[in-house]
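Take a look at the letters that make up each chain.
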Amino acid sequence: KPGEDPQGQQVVELFADRLVCVVAADHPLDGGRISLRTFKAAEHVLFQPDPGHMIAFDLWLQQNYHFEPAVRLVLPSYGALPHAVVGTHRIATIPERLAHRFAQHLPIRILRPQFRMPQLNEIMQWHEAHTADAGLAWLRGMIVDAARSLDTAADQRRGAAKTRSESQQEPA
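Rules behind the numbers
- Residues numbered from 1 in each chain as written.
- Predicted model: local features only at pLDDT ≥ 70, side-chain atom pairs only at ≥ 80, totals over all residues.
- Heavy atoms only, no water.
- Helix = DSSP H or I, 4+ residues; strand = E, 2+ residues; numbered from the N terminus.
- Buried < 20%, exposed > 50% of the residue type's maximum accessible area, 1.4 Å probe, protein only.
- Areas by Shrake-Rupley, 256 points an atom, 1.4 Å probe, with all protein chains shown as cover.
- Patch = residues over 30% accessible without salt bridge, like charges linked within 9 Å, V, L, I, M, F, W, Y side chains within 5 Å.
- Salt bridge = Lys/Arg side-chain N within 4 Å of Asp/Glu carboxyl O.
- Pairing = 2+ DSSP bridges.
- Contact = heavy atoms within 4.5 Å.
- Axes fitted to C-alpha atoms, helices over the stretch in contact; angles between N-to-C directions.
- Core = buried A, V, L, I, M, F, W, Y, C linked by side-chain atoms within 4.5 Å.
- Arc of directions from axis to C-beta.
- Phe/Tyr/Trp six-rings, centres within 6.5 Å; stacked < 30°, edge-to-face > 60°.

Sorry if this is basic, but what is going on with the overall build of the protein chain here?
In terms of regular secondary structure, the protein chain is built from 5 helices and 9 strands. Walking the protein chain from its N terminus toward its C terminus, one meets helices and strands in the order β-β-β-β-α-β-α-β-α-β-α-β-β-α. The burial tally for the protein chain puts 33% of its 172 residues in the buried class. Of the roughly 10800 Å² that the protein chain leaves accessible, carbon and sulfur atoms contribute 53%.

This is the structure we're talking about:
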């Protein structure tokens, strides 16, 4: 929640993103969607920032689908997950923006879940004791501007794709 939390932490929302699954380009799953049944049956590559630290998404899966994935590999970075599915039948769940970026240069496919998934809300937080620090205030401003530019760039890509699609259609 934007503003201040009870423990003196200042919080700013940066952006929201959808979670999608990525698989190797030659993965046997057909189409661009994945069912809950298939998701549950799959071998997973997970993001875990620290050993034993369960991220909010994994907790959400347990609470909403009473499910713990069959984990075959745990990595400390979302950015490593797309690399780890290449050449395997494993899946990884990552933010959609990141998936599209990696799909430009890795042999992976993006699968949209056919079931409810939580939204990823990226935030920036800091202790209130650092609010007045001019250098950190500048850095926070740069981070907020960069996060806003993600939405602008995504909107521009969607607009360009729509224009290309419309120009490629033959007249009726």
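Help me understand a nonpolar patch on the surface in this model?
Among the surface-exposed residues, Leu 136, Trp 138, Leu 139, Met 142 and Ile 143 lie close enough to one another that they form a single nonpolar patch of about 470 Å² accessible area. Classification of Ile 143 as partly exposed rests on a relative accessible area of 34%.

Would you mind going over the sheet that holds strand β5 (residues 43–47) with me for this structure?
Strands in a sheet are paired, the pairing made by backbone hydrogen bonds, and the direction either parallel or antiparallel. In space, the 6 strands of this open sheet follow the order β4-β8-β3-β7-β5-β6, with mixed pairing throughout. What marks the edges here is a single partner per strand, and that holds for β4 (33–34) and β6 (70–75). Set on the sheet, helix α4 (residues 96–103) makes contact with β3 (19–24), β7 (91–95) and β8 (108–113); between it and β8 the angle comes to about 155°.

In this structure, what is going on with the environment of Gln 48? I would like to understand it.
Its location among the elements puts Gln 48 in the loop between β5 and α2 (56–65). As a C-alpha pair, Gln 48 and Asp 58 span 10 residues in sequence and 9.7 Å in three-dimensional space. Here Gln 48 is in contact with His 53, Val 74, Leu 75 and Pro 76, once residues within four sequence places are set aside.

For this particular structure, what's the right way to read the nonpolar core?
If you look at soluble globular proteins, the nonpolar side chains tend to sit buried side by side. Ranked by size, the top nonpolar core spans 32 residues in total, and within it Phe 39 and Leu 81 carry the most contacts. Mapped by element, the contributors of at least two residues to this core are β3, β5, α2, α3 (81–85), β7, α4 and β8. For this core, the element with the highest residue contribution is β3, accounting for 5 residues. Counting 5 residues, the second-largest nonpolar core is a separate cluster that includes Leu 14, Trp 126, Val 144 and Ala 147.

Help me understand α4 in this model?
Since the α-helix turns once every 3.6 residues, residues separated by three or four places project in the same direction. Of the positions making up α4, those classed as buried are Glu 96, Ala 99 and Phe 102. The arc that holds every buried residue of α4, seen down its axis, measures 125°, which confines them to one face. At its buried positions, α4 is contacted by β2 (9–17), β3, α3, β7 and β8.

It is not clear to me how α2 should be interpreted in this structure. Could you clarify?
Among the residues of α2, those classed as buried are Phe 57, Asp 58, Trp 60, Leu 61 and Tyr 65. Along the long axis of α2, the arc covered by the buried residues comes to 155°, so they all point the same way. Turned more than 90 degrees away from the buried face of α2, the exposed residues are Ala 56 and Gln 63. Of the surrounding elements, those touching the buried residues of α2 are β3, α1 (36–41), β5 and β7. Remark: His 66 follows α2 within two positions and exhibits a positive phi of approximately 50°.

Explanation requested: the packing of aromatic side chains in the structure shown.
Scanning all chains against the criterion turns up 5 aromatic pairs. Geometrically, the ring pair formed by Tyr 65 and Phe 115 is edge-to-face, given 5.8 Å between the ring centres and 90° between the ring planes. Here Tyr 65, found in helix α2, pairs with Phe 115, found in the loop between β8 and β9 (120–127); they are 50 residues apart in sequence, far enough to count as distant. A relative accessible area of 15% places Tyr 65 in the buried class.

Whenever I open this one, the pattern of salt bridges confuses me. Can you help?
Opposite charge on two side chains permits them to pair, given that their charged atoms come into close proximity. Summed over all chains, the structure comprises 4 salt bridges. A salt bridge links Glu 43 to Arg 72; its shortest N-O distance comes to 3.3 Å. Of this pair, Glu 43 sits in strand β5 while Arg 72 sits in strand β6, and the two are 29 residues apart along the sequence. A relative accessible area of 35% places Glu 43 in the partly exposed class.

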